[in-house]
Amino acid sequence: MCFDVPARVEQLSALRHALADWAHRRGVAGEQIDAMTLATYEALANVVEHAYPDAEGTLDLRARCLPHSRRVEVTVTDHGHWQPPPADPGPLSGRGLPLMQQLADTAHVEPDPQGTTVRLHWITTAPC
């Protein structure tokens, strides 16, 4: 599954539903689909909120099955500039990265000069 779309809040719901449909068609368990869509939604929302503070940009959502290792990999990539989390994000911010780390089997954030990629992995109960 692959989407390259404008990084706008109105895109997020459709992307979440597309990911859930894709995972369901591959036989991913319902509980894992819930975790996958919530963690991915957080990554997508972070792009919209943080990657392009002074301009418009795009985000890339990719999902693939790795059947030999029984894993699903989801990546969310932006082409903006990494902004480290503030020391005190306030009461309504700063929970996205810890939430992704709790929901995924592994979660990595990879900032570089061309943008940031969030890699999320889940080990599936059946080959996808």
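To keep things clear, this report deals only with the structure shown in the data block.

About the cut-offs
Residues numbered from 1 in each chain as written. Predicted model: local features only at pLDDT ≥ 70, side-chain atom pairs only at ≥ 80, totals over all residues. Heavy atoms only, no water. Helix = DSSP H or I, 4+ residues; strand = E, 2+ residues; numbered from the N terminus. Rg over C-alpha atoms; globule rule 2.2 N^0.38 Å. Buried < 20%, exposed > 50% of the residue type's maximum accessible area, 1.4 Å probe, protein only. Contact = heavy atoms within 4.5 Å. Areas by Shrake-Rupley, 256 points an atom, 1.4 Å probe, with all protein chains shown as cover. Lys, Arg positive; Asp, Glu negative; His and termini not counted. Charge placed at Lys NZ, Arg CZ, Asp CG, Glu CD. Core = buried A, V, L, I, M, F, W, Y, C linked by side-chain atoms within 4.5 Å. Salt bridge = Lys/Arg side-chain N within 4 Å of Asp/Glu carboxyl O. Axes fitted to C-alpha atoms, helices over the stretch in contact; angles between N-to-C directions. Parallel < 35°, antiparallel > 145°, perpendicular 65-115°, else oblique. Left-handed = near helix turned anticlockwise from the far one by under 90°. Nonpolar A, V, L, I, M, F, W, Y, C, P; charged D, E, K, R; others polar.

1. Comments concerning the overall build of the protein chain
Helix and strand counts for the protein chain come out as three helices and five strands. Going from N to C terminus, the protein chain has its helices and strands arranged as β-α-α-β-β-α-β-β. Computed over its C-alpha atoms, the radius of gyration of the protein chain comes to 14 Å, within 12% of the 14 Å expected for a compact globule of 128 residues. Each principal axis of the C-alpha atoms in the protein chain carries an extent, and together these give about 40 × 30 × 25 Å. Buried residues in the protein chain amount to 38% of all 128 residues. Contacts spanning at least 24 positions in sequence make up 65% of the contacts within the protein chain whose residues lie at least 6 apart. Of the accessible surface of the protein chain, which amounts to about 7,400 Å², a share of 53% is contributed by carbon and sulfur atoms. Separation between the mean location of the 10 positive side-chain charges and that of the 16 negative ones in the protein chain comes to 9 Å.

2. A look at unusual backbone geometry
Its identity is not glycine, yet Arg 70 carries a phi of approximately 55°, on the positive side. Its location among the elements puts Arg 70 in the loop between strand E2 (58-66) and strand E3 (71-78).

3. Let's talk about the nonpolar core
Judged by nonpolar contacts, the single largest core of 30 residues is most densely connected at Met 36, Leu 59, Val 74, Leu 120 and Trp 122. For this core, the secondary structure elements donating two or more residues are helix H1 (9-25), helix H2 (30-51), E2, E3 and strand E5 (115-123). With eight residues, the top contributor of residues to this core is H2. Apart from the residues within four sequence positions on either side, Leu 120 is in contact with Ala 39, Thr 40, Val 72, Glu 73, Val 74, Met 100, Ala 104, Thr 106 and Ala 107.

4. Here's the deal with the pattern of salt bridges
In the structure shown here, the tally under the stated rule is five salt bridges. A salt bridge links Arg 62 to Asp 4; the nearest nitrogen and oxygen atoms lie 3.1 Å apart. Here Asp 4 lies in strand E1 (residues 2-6) and Arg 62 lies in strand E2, a separation of 58 residues in the sequence. Residue classification places Arg 62 among the partly exposed positions, given a relative accessible area of 30%. Of the charged contacts, one joins Arg 8 and Glu 56 as a salt bridge, the two residues approaching to 2.8 Å between their closest N and O atoms. Of this pair, Arg 8 sits in the loop between E1 and H1 while Glu 56 is found in the loop between H2 and E2, placing the two residues 48 residues apart along the sequence.

5. Considering the packing of H1 against H2
One can describe the packing of H1 onto H2 by two numbers: an axis separation of 10 Å at closest approach and a directional angle of 155°. Comparing their axes, H2 and H1 come out roughly antiparallel. When the axes of H1 and H2 are compared, the crossing they make is right-handed. When H1 is examined against H2, the residues Val 9, Leu 12, Leu 15, Arg 16, Leu 19, Ala 20, Ala 23 and His 24 are found in contact with a partner set consisting of Ile 33, Met 36, Thr 37, Thr 40, Tyr 41, Leu 44, Ala 45 and Val 48. Class assignment of the residues belonging to the contact of H1 with H2 gives a composition of 12 nonpolar, three polar and one charged.

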